[in-house]
Amino acid sequence: MTTSADLFQRAQQVIPGGVNSPVRAFKSVGGDPVFFDHGAGAHLYDVNGKAYIDYVLSFGPLILGHGAQPILDAIRTQLDKAITFGAPTVLEVEMAFKLTELVPSMDLVRMVNSGTEATMSAIRVARGYTGRDLIVKFEGCYHGHADGLLVKAGSGLLTLGEPTSPGVPADFAKHTATLPYNDLDALETFFAAKGSEIATVIVEPVAGNMNCIPPAPGFLEALRRLCTEHGAVLIFDEVMSGFRCALGGAQALYNVIPDMTCLGKVVGGGMPVGAFGGKREIMSVLAPVGPVYQAGTLSGNPIAMAAGLAMMQAITQPGFYDRLTASTTRLLDGMKQAAQDAGIGLTTNQAGSMFGFFFTDEPNITRFEQVMACDVPRFNKFFHLMLEEGVYLAPSSFEAGFMSAAHTDEVIDATIAAAARSFAQLKN
Ligand code: PMP
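Counting of residues starts from 1 at the beginning of each chain's written sequence and follows it residue by residue. Predicted model: local features are reported for residues with pLDDT of at least 70 only, side-chain atom pairs are reported and counted for 80 or more only, and whole-chain, interface and lining totals are derived from all residues.

This brings us to the domain arrangement of the protein. For the purposes of this description, domain bounds are those given by an automatic or database domain assignment. With domains assigned, the protein is organised as domain 1 (4-67 + 318-426) and domain 2 (69-315). Placing the centre of domain 1 and that of domain 2 at their C-alpha centroids yields a distance of 25 Å. Opposite the 26 residues of domain 1 that make contact, domain 2 presents 31 residues. Only DSSP runs of H or I covering at least 4 residues are called helices, and only runs of E covering at least 2 are called strands; the numbering of each starts at the N terminus. Contributions of two or more residues to the side of domain 1 that touches domain 2 are made by α11 (320-342), β13 (346-351), β14 (354-359) and α12 (368-372). With four residues, the single largest contributor to the side of domain 1 that touches domain 2 is β14. Under the convention adopted here, Pro, Cys and the residues Ala, Val, Leu, Ile, Met, Phe, Trp and Tyr are nonpolar, Asp, Glu, Lys and Arg are charged, and Gly plus all remaining residues are polar. Across the side of domain 1 that touches domain 2, the residue classes break down as 15 nonpolar, nine polar and two charged. For every residue pair, C-beta atoms are placed from the backbone, and the pair is scored as a contact if these atoms sit within 7 Å.

Nonpolar cores are identified as sets of buried Ala, Val, Leu, Ile, Met, Phe, Trp, Tyr and Cys residues joined via C-beta atoms within 7 Å. Counting other C-beta atoms within 10 Å of a residue's C-beta gives its exposure: the residue is buried at 20 or more, exposed at 12 or fewer, and partly exposed in between, where C-beta atoms are placed from the backbone. Residues Val201, Val233, Ile235 and Ala275 are the most contacted members of the largest nonpolar core, which totals 126 residues. Counting residues per element, this core draws most heavily on helix α10 (residues 302-315), which supplies nine residues. Counting contributing residues per domain, this core is built from domain 1 (4-67 + 318-426) and domain 2 (69-315), each supplying no fewer than three. Each residue touching Val233, except ones within four places of it in the same chain, is listed here: Ala126, Tyr129, Thr130, Ala199, Thr200, Cys227, Asp259, Met260 and Ile282. Leu149, Leu150, Val151 and Ala173 belong to the second-largest nonpolar core, a separate cluster that totals five residues.

On to the packing of helix α2 (residues 69-79) against α10. Two quantities define a packed helix pair, namely the angle between the helix axes and the distance between the axes. Orientation is described by lines fitted to C-alpha atoms, with helices fitted over the stretch in contact, and by angles between N-to-C directions that extend from 0 to 180 degrees. Taken N-terminus to C-terminus, the directions of α2 and α10 make an angle of 150°; their axes are 8 Å apart at the nearest point. Overall, the two elements α2 and α10 adopt an arrangement that is roughly antiparallel. Between α2 and α10 lies a crossing of right-handed hand. Facing α2, whose interface residues are Pro70, Ile71, Ala74, Ile75, Thr77, Gln78 and Leu79, α10 presents Pro302, Ile303, Ala306, Ala307, Leu309, Ala310, Met311, Gln313 and Ala314. When an angle is under 35 degrees it counts as roughly parallel; over 145 it counts as roughly antiparallel; between 65 and 115 it counts as roughly perpendicular; any other value is oblique. Put simply, a crossing is left-handed when the front helix is turned counterclockwise from the back one by less than a right angle, and right-handed when it is turned clockwise.

A few words on the sheet that holds strand β8 (residues 176-179). Only strands that DSSP links by at least two bridges are regarded as paired with each other. Spatial ordering of the open sheet is given by β4-β12-β11-β10-β9-β5-β8, a layout of seven strands whose pairing is mixed. Unpaired on one side and paired on the other, β4 (108-112) and β8 mark the two borders of the sheet. Within this sheet the neighbouring strands show an average axis-to-axis angle of 20°, counted without direction. Inspection of the sheet shows strand β5 (residues 134-138) paired to strand β9 (residues 198-203) by three bridges, in the parallel sense. The residue bridging Val136 from the neighbouring strand is Val201, located in β9.

Here we have three strands laid out as an open sheet, ordered β13-β14-β16, and antiparallel in their pairing. Of all strands in the sheet, those with a lone pairing partner are β13 and β16 (401-402), marking the two edges. Across two bridges, β14 lies against β16 in antiparallel orientation. The residue of β16 that forms the bridge with Phe355 is Gly401. On top of the sheet, α11 reaches β13 and β14; it is set at about 175° to β13, its chief contact.

This paragraph deals with the pairing of β13. Both faces of the sheet carry side chains from a regular strand, because those side chains alternate between them. In the sheet, β13 pairs with β14 via six bridges, with the strands oriented antiparallel. Of the residues in β14, the one forming a bridge with Ala351 is Met354. Hairpin connection of β13 to β14: two residues between the antiparallel strands, including Gly352 at a positive phi of 60°.

What follows concerns the site of the ligand. We call a residue near a molecule or strand if the C-beta atom, set from the backbone, is within 6 Å of it. The full set close to the ligand counts 16 residues, and Ser114, Gly115, Thr116, Gly144 and Val239 are the nearest of them. Taken together, the residues that form the shell around the ligand break down as four nonpolar, ten polar and two charged.

With that settled, the discussion passes to the environment of Gly30. Positionally, Gly30 belongs in the loop between α1 (4-14) and β1 (36-40). By the C-beta count within 10 Å, which is 12 here, Gly30 ends up exposed. For Gly30 and Phe383, which are 353 residues apart along the polypeptide, the C-alpha to C-alpha distance reads 9.8 Å.

This is the structure we're talking about:
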């Protein structure tokens, strides 16, 4: 029998660290990553046939669960026609109409192939539009791996940013400022000092890359006001929160409308897709209309567009998000109760069908430092107990969890029962 451990050994011979994206290697939780064979609905099956209830869902895209019939049908139909043209298609136009209809901030939208491409391109547009270089982002947010975004704060609020990865020139990092998330005072201070230099502020309106942190009351509103006052472009990176928190994304949920929005994950129905868009005036700087260059051989790929359109069709059904949000609340309520029964400190956060749980006695987790102070070894132990139980959680305490429409109450209750048994063992 070939196990995941055997496969991981083999993978490491030819792929750096055995994986094509670092979090998959289980480095933070320890142990060997699971190699999966197939998925169906709420479940994943590993190469040895073991079933797992999946709360990773490919890190967000699979909001209908695995193997959703409408998406498979759409892909199969398109496959018989063509895989790619590198020329305009009806499907991409339909997709653009759908997105501009659903996402409040988008007048014009362009498709790309990943979230990283979406944020990188949106930032270029914002810089081209404003004629400024400085970008502002927030600690604990992730916007993909473009050079200017792999940057952390310098020693003080106004000092130059520093690369978080070798290979990123300090000369690039100096154009990126990193502020604390959900901190209105820091925001005001920074804008007062540097407002006229800021091209754009990019933010996850619900942070999903430091576990799950919804915006503090007034945070997004302050961002909106300050960007408008200082002529900076406000970008919501909704690669994760888009079509997750609500149909119109976090911007619809919190009713704060950015100038530009980045999408990914759900929008592609599981295919490699990203999108960026925004106000007509801003997006019109893009080539071939304007001078800002951006392009892609496979952008707007017909198979990806077919999958994405089938996804849009499914998630726009009445009641879809109410059910999904209720399922997420059911899971979190059950987990909280089970933790309490076991005497384990657990705090949860939720934004629609995105969620996070924290091993801590703090009742509210709203800031990066609080996330960092949670009990990571306890999470790691819980992760492995749950894996043993057949529940697949994100392999890091700094990732958000996701619910799908395929997760029935029965599946959720089975997860809660598994969590109760795991909590009981955490004290040992
Ligand atoms: N932005 C956010 C908010 C994300 O969560 C991610 C990926 N998790 C990205 C951008 C980058 O997307 P991709 O991995 O598709 O490049």
